[in-house]
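# Structure at a glance
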Amino acid sequence: MASQTLQSVPAEPSPARHETRHEMSPEDAARRDAEGQAYFDKVMAEDSRIEPRDWMPAAYRKTLLRQISQHAHSEIIGMQPEANWISRAPSLKRKAILMAKVQDEAGHGLYLYSAAETLGQPRDQMMQDLMDGKAKYSSIFNYPARTWADMGAIGWMVDGAAIANQVPLCRASFGPYGRAMVRVCKEESFHQRQGFEILLELSNGTPEQKQMAQDAVNRWYAPALMMFGPPDDDSPNSKQSMAWNIKRFSNDELRNRFVGMMMEQVKVLGLTLPDKDIRFNEETKKWEHGPLDWDEFHEVLAGRGPCNAQRLERRREAHENGAWVREAAAAYAAKQAKKQAKEVA
Amino acid sequence: MTTPEPHAGNVWPIWEVFVRSSRGLSHVHAGSLHAPDAAMALRNARDLYTRRNEGVSIWVVPADAIASSDPDSKGSFFESPQGKDYRHATYYTKSEGVKHL
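Residues numbered from 1 in each chain as written. Chains lettered and ligands numbered in written order. Predicted model: local features only at pLDDT ≥ 70, side-chain atom pairs only at ≥ 80, totals over all residues. Heavy atoms only, no water.

The name that an unreviewed UniProt entry assigns to chain B is 1,2-phenylacetyl-CoA epoxidase subunit PaaB, with the source organism given as Arthrobacter methylotrophus.

## A word on the overall build of chain B
Definition in use: Runs of E in the DSSP output that reach at least two residues are strands. Runs of H or I that reach at least four are helices, and both are numbered from the N terminus. We call a residue buried when its accessible area falls under 20% of the maximum for its residue type, exposed when it is over 50%, and partly exposed in between, using a 1.4 Å probe and counting protein chains only. The contact criterion used is simple: two residues touch if any of their non-hydrogen atoms lie within 4.5 Å. To measure how exposed things are, a 1.4 Å probe is used in the Shrake-Rupley method; for residues, cover is taken only from the protein chains shown.
Scanning chain B for helices and strands turns up two helices and four strands. From first element to last, N terminus to C terminus, chain B shows the α and β order β-β-α-β-β-α. Here chain B, with 101 residues, has 33% of them falling under the buried criterion. Partitioning the intrachain contacts of chain B with sequence separation of at least 6 by distance along the chain shows that 42% fall at a separation of at least 24. Counting every atom, chain B has about 6700 Å² of accessible surface; 54% of that belongs to carbon and sulfur.

## Regarding the sheet that holds strand β3 (residues 57-62) of chain B
Residue and element names in this part refer to chain B. To be explicit about the condition: Strands are labelled as partners when DSSP assigns at least two bridges between them. Angles shown run from 0 to 180 degrees and are taken between the N-to-C directions of axes, each axis being a line fitted to C-alpha atoms and, for helices, limited to the stretch in contact.
In space, the three strands of this open sheet follow the order β2-β1-β3, with antiparallel pairing throughout. Whereas interior strands pair on both sides, the edge strands pair on one side only; in this sheet they are β2 (27-34) and β3. In this sheet, adjacent strand axes meet at a mean angle of 25° when their direction is disregarded. Where strand β1 (residues 14-20) meets β2, seven bridges bridge the pair, whose relative direction is antiparallel. Note that in β2 the partner of Arg20 across the bridge is His27.

## Points about the packing of helix α7 (residues 149-169) of chain A against helix α11 (residues 251-269) of chain A
Residues and elements named next belong to chain A. Note the threshold: Note on terminology: angles under 35 degrees are roughly parallel, angles over 145 are roughly antiparallel, angles of 65 to 115 are roughly perpendicular, and the others are oblique. Handedness of a crossing follows from how the near helix is turned relative to the far one, being left-handed for an anticlockwise turn of less than a right angle and right-handed for a clockwise one. Note on residue classes: Ala, Val, Leu, Ile, Met, Phe, Trp, Tyr, Cys and Pro are nonpolar, Asp, Glu, Lys and Arg are charged, and everything else, Gly too, is polar.
Two numbers describe how α7 lies on α11: the axes approach to 10 Å, and their chain directions differ by 140°. When the axis of α7 is compared with that of α11, the two are oblique. Read as a crossing pair, α7 and α11 show a hand that is right-handed. Residues Trp156, Met157, Gly160, Ala161, Ala164, Asn165 and Pro168 of α7 lie in contact with α11, whose contacting residues are Leu254, Phe258, Met261, Met262, Gln265, Val266 and Leu269. When its residues are assigned to classes, the contact of α7 with α11 shows 11 nonpolar, three polar and no charged.

## Describing the packing of α7 of chain A against helix α9 (residues 207-226) of chain A
The packing of two helices is summarised by the inter-axis angle and the distance between the axes. Residues and elements named next belong to chain A. The interhelical angle for the contact between α7 and α9, taken along N-to-C directions, is 30°, at an axis separation of 8 Å. Relative to α9, the element α7 is oriented roughly parallel. Crossing of α7 over α9 shows right-handed handedness. Judged by residue contacts, Ala149, Asp150, Ala153, Ile154, Trp156, Met157, Val158 and Ala161 of α7 engage Met212, Ala213, Ala216, Val217, Arg219, Trp220, Tyr221 and Ala224 from α9. Here the contact of α7 with α9 is composed, by residue class, of 14 nonpolar, no polar and two charged.

## Section: the environment of Gln70 of chain A
All names here are of chain A. Position of Gln70 among the secondary structure elements: in helix α3 (residues 58-77). With 60 residues separating them in the primary sequence, Gln70 and Leu130 have C-alpha atoms 8.8 Å apart. Those residues in contact with Gln70 that sit more than four places away from it in its chain are Lys136 and Tyr137.

## Comments concerning the nonpolar core
Here is a general trend for soluble globular proteins: nonpolar side chains tend to be buried in one another's company. Residue and element names in this part refer to chain A. Applied cut-off: Grouping buried Ala, Val, Leu, Ile, Met, Phe, Trp, Tyr and Cys residues that are joined through side-chain atoms within 4.5 Å yields what is termed a nonpolar core.
Grouped together as the largest cluster of nonpolar side chains are 92 residues, with contacts concentrated most on Tyr60 and Trp156. The element best represented in this core is α7, accounting for 11 residues. Residues in contact with Trp156, not counting those within four places in the same chain, are Gln192, Gly195, Phe196, Leu199, Val217, Met262, Gln265, Val266, Leu269 and Leu273.

## Overview of a nonpolar patch on the surface
Residues and elements named next belong to chain B. As a reminder of what qualifies: Within this analysis, patches are made of residues with over 30% relative accessible area and no salt bridge. Like charges are joined at 9 Å or less; nonpolar side chains (Val, Leu, Ile, Met, Phe, Trp, Tyr) at 5 Å or less. Each reported salt bridge corresponds to a side-chain nitrogen of Lys or Arg within 4 Å of a carboxyl oxygen of Asp or Glu.
Taken together, the side chains of Tyr86, Tyr91 and Tyr92 make up a nonpolar region of the molecular surface, amounting to roughly 350 Å² of accessible area. Structurally, Tyr86 can be placed in the segment after α2 (74-77). With a relative accessible area of 42%, Tyr86 lands in the partly exposed category.

## A look at the state of the cysteines
Our working definition: Any two cysteine sulfur atoms within 2.5 Å of one another count as a disulfide.
In total, this model carries zero disulfides over all chains according to the counting rule given. The cysteine Cys185 of chain A is free of any disulfide, with Cys170 of chain A supplying the nearest cysteine sulfur at 3.7 Å.

## Section: the environment of Met242 of chain A
Residues and elements named next belong to chain A. Looking at where Met242 falls in the secondary structure, it is placed in helix α10 (residues 238-243). Relative accessible area serves as the criterion here: at 28%, Met242 is assigned to the partly exposed category. With 29 residues separating them in the primary sequence, Met242 and Ala213 have C-alpha atoms 37 Å apart. Excluding anything up to four places from it in sequence, Met242 contacts Lys247, Arg248, Phe249 and Ser250.

## Things to note about the pattern of salt bridges
Throughout the structure, instances matching the rule amount to 25 salt bridges over all chains. A salt bridge links Arg31 of chain A to Asp28 of chain A, with the shortest nitrogen-to-oxygen separation between them at 2.6 Å. Taken as a pair, Arg31 of chain A and Asp28 of chain A lie in helix α2 (residues 26-45) at a separation of three residues, close to a single helical turn. Residues Asp47 of chain B and Arg46 of chain B are paired through a salt bridge, measuring 3.1 Å at the closest nitrogen-oxygen approach.

What follows is the structure, encoded as structure tokens:
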């Protein structure tokens, strides 16, 4: 996916093609940008795909880089609330499932970092930005996972919301992002189902277990709905992202659709959603939900949620603890390369 | 197998990963990853791209060892087949309706 690093061989020897941008005359650069913009507009109009080495508007590149890297960070930080329960999973089966799921989240982070790298941002820079607290990630992962039932609620609701958000992203206009999302979506449905099953088993268990499941659903409901982002009239970037075929549906559209799905599924669980205002609006043919606390959302996003500091601290710790592994692997590779060079000589 | 020079700043080089999903099919580009050498790139590729039996064989190639066509020459580089519809079976319409042709 990181095909920006590929060496390109000019089709025909042409002096212009060997010139780098800063050597171009202003007129040539302007013509190149105009041609690039025209091609980009055509790709958008045809709902086709932009690939890494195509010309793209600077703002398009910046928007994608922000969105994809934030998405990658969310996957990586998202490992923590669940990894927290691996050692306390109630059975060996559940432990194995949870480990597979957390491993998937790591994989999703890596697919997405690869996609972001094709836009020209080195991976270590993205990692550093995350650890320095300069980069954002989904606010949902700054909430604590208090009980085993939270593993169910996270899988069912958090991964459910993520799927609702990500399925349309498979058609994002930037090729590497869309391809990464196809892979991610294929794997996410296992995550949601295993979460649903955890809740279903608890719901069919003792009254205390059922109460634990209900409590988890109550706590994760609002944060999960807020995963779709601010309401449409408070989401200034959405319109441009939709014009660029990155986003296909607005935040509210996706959120309403998700609420409708939850309403059906919660019945099977024998539980309830903590929102008296959910209703299907016959006129608009859309689901509606009660008010959400957007002040809380902005607080958590700004770094003042229940677990922000802990999550970043843990990420830094893991990175530092892994330093010797990275150094050893690089030293070994260098040594082997030297040996190989000697043998060849 | 050759291993690309480690990049500055201790950043592992990028490898492109190709996976053969089953015998009889060709290797297809699956994605990329960072690894210090070919052996680690293969192991990482296995863990990253074949967690669900997606492959029976993996190739890893240092990204900077791949040559590609120039994206700016979309038109000229691929223009030769244009206007040569006679290279497709669908060009020949007079035989429509004739069986086994």
